[in-house]
Amino acid sequence: MEVFSTPDTQKYLSSNLKQSSSQRTWLAFSDSKLVGSITITDKGEECELRGFYVYVNLQRRGIGKKLLGYALDFAKAKNISLDLYAHNHKTINLYKKCGFEIDKQKDVFYRHWPEWPESLRAKCIYMKLEADKVRELLKKIRLNEAENIRK
Ligand SMILES: CC(C)(COP(=O)(O)OP(=O)(O)OC[C@H]1O[C@@H](n2cnc3c(N)ncnc32)[C@H](O)[C@@H]1OP(=O)(O)O)[C@@H](O)C(=O)NCCC(=O)NCCS
């Protein structure tokens, strides 16, 4: 897609692909086509989740949850933090359903990508998942996966 081929988004996406002891990315493939991704970075105090996407035609089939399971397992005993556009209500609700809450201790900020018109800024917020909820959600995802295998 054109929107993913601008130099800035390419730079951002390739930075997600750098694997190290403090950063992991998982990619989902269907018929050898890339259909999903998730990146988690250990920032010391907490882990940062980003690059979480599933191809629109394959959403709501459990691919996101499977990817999230890997990221939660990596975060283990740390809080997970993420930022997203304040207008992305669908995903905010989805995260809330998973136990994330809006982090009011962190200020909102306004994102601007260089390819956007100069005056355009999009409001972003932070959400967090406390460490005990990370473990709880991971347990739920694993249980659900085991049930699906049994079916
Ligand atoms: C967020 C995203 C990666 C989730 O991927 P997905 O494959 O659709 O997720 P799953 O099918 O595993 O669903 C995960 C949970 O969210 C729920 N869910 C998914 N889409 C939903 C929607 N549109 N509305 C309400 N709930 C939704 C599912 O029901 C499931 O919950 P459940 O286990 O209780 O049933 C995907 O929606 C996406 O790519 N969104 C656009 C990009 C984006 O906003 N990324 C986040 C930026 S931080």
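The structure presented is a predicted model; accordingly, all values stated were derived computationally and were not measured. (Residues numbered from 1 in each chain as written. Predicted model: local features only at pLDDT ≥ 70, side-chain atom pairs only at ≥ 80, totals over all residues.)

### Describing the nonpolar core
Right, on to step 1. Counting residues in each nonpolar core, the largest one holds 16 residues, and the members touching the most others are Ile40, Ala71, Ala75 and Ile80.
Right, on to step 2. Counting residues per element, the ones that place at least two in this core are strand S2 (33-42), strand S3 (46-54), helix H2 (63-75) and strand S7 (122-129).
Right, on to step 3. Tallying contributions element by element places H2 first for this core, with six residues.
Right, on to step 4. Not counting chain neighbours up to four residues away, the residues in contact with Ala75 comprise Ile40, Cys47, Ile80 and Val134. (Core = buried A, V, L, I, M, F, W, Y, C linked by C-beta atoms within 7 Å. Buried ≥ 20, exposed ≤ 12 C-beta atoms within 10 Å, placed from the backbone. Helix = DSSP H or I, 4+ residues; strand = E, 2+ residues; numbered from the N terminus. Contact = placed C-beta atoms within 7 Å.)

### Observations regarding the site of the ligand
Right, on to step 1. Around the ligand, 18 residues are found, and the nearest of them are Val54, Gln59, Gly64, Lys65 and Thr91.
Right, on to step 2. Of all the elements in the fold, those that place two or more residues in the shell around the ligand are S3, H2, strand S4 (79-85) and helix H3 (89-97).
Right, on to step 3. A per-element tally of the shell around the ligand places H3 first, with five residues.
Right, on to step 4. Of the residues assigned to the shell around the ligand, the class counts are seven nonpolar, six polar and five charged. (Near = placed C-beta within 6 Å. Nonpolar A, V, L, I, M, F, W, Y, C, P; charged D, E, K, R; others polar.)

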